[in-house]
Amino acid sequence: MSQGYVQEIFSSFQGEGAAVEGSCYGLRQIFIRFSGCPLALGVHGTKGCIWCDSPKSWSTTPSKCLVETQAGTQSFEEISNPLTPEEILDFVKKLSTKDLHSVSLTGGEPLYQESFFEDITSLLKEAGYKTYLETAYTDNFVFLEKLSEKIDFACVDIKDKTANAALEWENLVNQEVEMSRILKNAGTKVFAKTVITKASKKENFEIIAKKCGSIDLPIVIQFVTPIVNSKVEQPTWEQVNDFSQIAGKFLSPEKIGISIQMHKAVEIL
Ligand code: SF4
């Protein structure tokens, strides 16, 4: 079996998404935050998203992983990396509660450590857990297709141009839409999330919405969470109003929603 690097493991509630199919918004999850992010490592020519809320996870080989000692305590113990998939499963079992909906595989970019990710999802499925993938990037579509049957729910982060995640922005969007199509075709309940800022442009969002519409992919428009000492500002109401109506040109109303990072608003993990 493989070994890999994880930043943290804890129990909380899914704070992103809306009332669209594929979203697990507000449901109890155990979060496994994988290390490493190809976009931050420059695969698309930039150093990741300017509003990234988990830059610690960019580190590919952190020596320590923080594991919550008991669900809901928000107290952590430090475990040495790398970890085996069996060790991860043991932590998930320890943090499981009666109200647990699914296990969130997040990052960083969970698909970055391919065989480690595949082994963990296999073990989780064998143990009867539902899986929720939060992803922004892989260019290994064969791998994605192979493991998609092990993913019950997925949020594909389709980057707005203002994220600065790619020099050739539309190429990245095309890759992310293709990832969504592969997951959807395999039966995963998948939706797109696009984080927007005050600098986001209607014409760019229309490009995203049209591509989502072409594969009937639900889309959630998410307000950026302001970052201290950063110039990133939240979108205005007028923008959100416009963007939702633009999405309405390509998708039916139940496939369009708005979101904030609820967990940040109420200050939980
Ligand atoms: S893809 Fe995710 S982890 Fe990577 S830089 Fe962007 S927000 Fe951060």
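The sections below set out a description of the structure shown in this document. (Residues numbered from 1 in each chain as written. Predicted model: local features only at pLDDT ≥ 70, side-chain atom pairs only at ≥ 80, totals over all residues. Heavy atoms only, no water.)

On to the packing of aromatic side chains. Overall, the coordinates contain 4 aromatic pairs when judged by the stated rule. Plain terms: the ring middles of Phe34 and Phe117 are 5.7 Å apart, the flat faces sit at 50° to each other, and that makes the pair tilted. Here Phe117 lies in helix H2 (residues 114-126) and Phe34 lies in strand S2 (residues 28-34), a separation of 83 residues in the sequence. Residue class for Phe34 comes out buried when judged on its relative accessible area of 0%. Ring centres of Phe205 and Phe243 lie 4.9 Å apart, and the angle between their planes is 15°; on these two criteria the pair is classed as stacked. With a gap of 38 residues between them, Phe205 in helix H5 (residues 202-214) and Phe243 in helix H6 (residues 237-247) connect regions that are remote in the sequence. (Phe/Tyr/Trp six-rings, centres within 6.5 Å; stacked < 30°, edge-to-face > 60°. Helix = DSSP H or I, 4+ residues; strand = E, 2+ residues; numbered from the N terminus. Buried < 20%, exposed > 50% of the residue type's maximum accessible area, 1.4 Å probe, protein only.)

The environment of the ligand is formed by Cys37, Leu39, Gly48, Cys49, Trp51, Cys52, Trp58, Gly108, Ala136 and Lys159. In terms of residue class, the shell around the ligand is built from 7 nonpolar, 2 polar and 1 charged. (Near = heavy atom within 4 Å. Nonpolar A, V, L, I, M, F, W, Y, C, P; charged D, E, K, R; others polar.)

Attention now moves to the environment of Ser244. Within the element layout of this structure, Ser244 appears in helix H6. With 35 residues separating them along the chain, Ser244 and Ala209 place their C-alpha atoms 9.4 Å apart. Ignoring any residue separated from it by four or fewer positions in sequence, one finds Ser244 in contact with Ile221 and Ile256. (Contact = heavy atoms within 4.5 Å.)

Turning our attention to the side chain of Lys193. Relative to the helices and strands, Lys193 resides in strand S8 (residues 189-196). Residue Lys193 is classed as buried on the basis of its relative accessible area of 5%. When sequence neighbours within four positions are dropped, the list of residues in contact with Lys193 reads Glu16, Glu134, Cys155, Val156, Asp157, Ile158, Val220 and Gln222.

A few words now on the environment of Ile79. Mapping Ile79 onto the fold places it in strand S4 (residues 76-80). When its relative accessible area of 17% is taken as the criterion, Ile79 is described as buried. The spacing of Ile79 and Asp139 is 60 residues in sequence and 31 Å in space, taken between C-alpha atoms. Apart from residues lying up to four places away in sequence, Ile79 is in contact with Ser63, Lys64, Cys65, Val67 and Phe91.

Right, let's get into the pattern of salt bridges. A full pass over the atoms with the stated rule returns 16 salt bridges. Notably, a salt bridge pairs Lys255 with Asp216, separated by 2.8 Å at the nearest N-O pair. Separated by 39 residues along the polypeptide, Lys255 in the loop between H6 and strand S10 (256-259) and Asp216 in the loop between H5 and strand S9 (219-223) bring together distant segments of the chain. When its relative accessible area of 34% is taken as the criterion, Asp216 is described as partly exposed. Three or more residues are tied together by salt bridges with common partners; here these are Glu16, Glu134, Asp157, Lys159 and Lys193. (Salt bridge = Lys/Arg side-chain N within 4 Å of Asp/Glu carboxyl O.)

Helix length check: H2 (13 residues) gives 18 Å between terminal C-alpha atoms against 18 Å at 1.5 Å per residue, within 8%. For H2, the complete set of buried residues consists of Phe116, Phe117, Glu118, Asp119, Ile120, Thr121, Ser122, Leu123 and Leu124. For H2, the elements touching its buried residues are strand S1 (6-13), S2, helix H1 (85-95), strand S5 (102-106), strand S6 (131-135) and helix H3 (141-147). Just past H2, the residue Gly128 takes up positive phi, approximately 90°. (Expected span 1.5 Å × (residues − 1).)

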